[in-house]
Amino acid sequence: MKNLTLPAEGGCRCGRVRLKISAPPLLTMACHCTGCQRMSASAYSLSAAIPSEAFAVTQGEPVIGGLHGASHHFFCPYCMSWMFTRSEGLDWFVNLRPTMLDDPGWFTPFIETWTSEKLPWASTPAVHSYEALPAMEEYEKLIAEFAGTFGGASNAGG
Ligand SMILES: [Zn+2]
Ligand SMILES: [Zn+2]
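Residues numbered from 1 in each chain as written. Chains lettered and ligands numbered in written order. Predicted model: local features only at pLDDT ≥ 70, side-chain atom pairs only at ≥ 80, totals over all residues. Heavy atoms only, no water.

Two elements, strand β7 (residues 63–65) and strand β8 (residues 71–75), share three bridges in a ladder whose sense is antiparallel. Note on β8: the bridge partner recorded for I64 is F74. Linkage of β7 to β8, two consecutive antiparallel strands, is achieved through a turn of five residues, within which G66 is found at a positive phi near 60°. Where β8 lies against strand β9 (residues 82–87), five bridges are found, and the strand directions are antiparallel. Each residue of the ladder has a partner; that of F74, found in β9, is F84. Taking the residues between adjacent antiparallel strands as the criterion, β8 and β9 are bridged by six residues, where M80 takes a positive phi near 65°. (Pairing = 2+ DSSP bridges. Helix = DSSP H or I, 4+ residues; strand = E, 2+ residues; numbered from the N terminus.)

Have a look at this one:
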């Protein structure tokens, strides 16, 4: 696995929206739910939970798509790439789709969710699997465990 070099930049398929992260993820995830299957047009979505203060859109103006509900799914207004998600009441992190980053080679999902809805053949290297979601009180332990295993971040300075 490659190291995550910070800050790391990324963007959508067409490049009109660009973003930057300046801290490593709190947790990395794959979600097999049917909603993610539809929005990602694939077997599962990928998320890197980035602390909000370490996440910035540096160019362009993403628009809300998906269900327009409590989870705000942000898309590029031109190429419609699903870029990141902010959840109401969970303001301290942003779930970035890691494949938006120019170099996502460091990414591996640490947990996977909604395996009850997964495609029969779909599997990931996640360490923890959940038929639905982890209980809210489990996240603290998962974040601590992930921090202990994620040695991949280095700071390039600047
Ligand atoms: Zn775009
Ligand atoms: Zn999902």
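The rest of the description comes next.
Protein coordination at the zinc ion (ligand 1) comes from C12 (SG), C14 (SG), C76 (SG) and C79 (SG), with a distance range of 2.3 to 2.4 Å. Every donor counted, the four donor atoms about the zinc ion (ligand 1) form angles of 106 to 114° at the centre, which fits tetrahedral coordination. Look at where the donors of the zinc ion (ligand 1) fall in the sequence and you get C-x1-C-x61-C-x2-C. A relative accessible area of 25% places C79 in the partly exposed class. (Donors = N, O, S within 2.8 Å, 3.2 Å for Na, K, Ca; no water. Tetrahedral: all angles 85-135°; square planar, octahedral: opposite > 155°, others 65-115°. Buried < 20%, exposed > 50% of the residue type's maximum accessible area, 1.4 Å probe, protein only.)

As for its placement among the helices and strands, S52 is situated in the loop between β5 (45–51) and β6 (55–59). We classify S52 as buried; its relative accessible area is 19%. Of the polar contacts made by the side chain of S52, one reaches the backbone oxygen of D91; its length is 2.5 Å. Excluding its chain neighbours within four sequence positions, the residues that come into contact with S52 are R86, D91, W92, F93 and V94. (Polar contact = N/O pair within 3.5 Å; in protein donor to acceptor, adjacent residues only side chain to side chain. Contact = heavy atoms within 4.5 Å.)

Moving on, we come to the packing of aromatic side chains. If you walk through the whole model with that rule in mind, you get eight aromatic pairs. On the numbers, 4.8 Å between centres and 15° between planes, the contact of F74 with F84 is stacked. Remark: F84 occurs in strand β9 and F74 occurs in strand β8; sequence separation between them is ten residues. What links up through ring pairs into an aromatic cluster is the set W106, F107, F110, F146 and F150. (Phe/Tyr/Trp six-rings, centres within 6.5 Å; stacked < 30°, edge-to-face > 60°.)

Here the focus is the nonpolar core. Counting 32 residues, the largest nonpolar core has I21, L27, F55, M83, F84 and L96 as the members making the most contacts within it. Beyond its immediate chain neighbours, meaning those up to four positions away, L27 contacts S47, A48, A49, F110, I111, Y139, L142, I143 and F146. Listed in part, the five residues of the second largest apolar core include C31, C36, F75 and W82. (Core = buried A, V, L, I, M, F, W, Y, C linked by side-chain atoms within 4.5 Å.)

Turning to the UniProt feature "domain: CENP-V/GFA" (unreviewed entry) in the protein, a few remarks are in order. Under the feature "domain: CENP-V/GFA" (unreviewed entry), the UniProt entry names residues 8–131. In residues 8–131, helix accounts for 6% and strand for 41%; the two terminal C-alpha atoms are 32 Å from one another. (UniProt positions renumbered as here; feature names shortened; annotations may be inferred.)

The next point concerns the pairing of β5. Across the seven residues that make up β5, a large majority, six, are buried. Where strand β4 (residues 27–31) and β5 come together, five bridges link them in antiparallel fashion. Bridging from a neighbouring strand, L27 pairs with A49 of β5. Bridging between β5 and strand β10 (residues 90–96) involves four bridges; their strand directions are antiparallel. Bridging across to β10, A49 finds its partner in N95.

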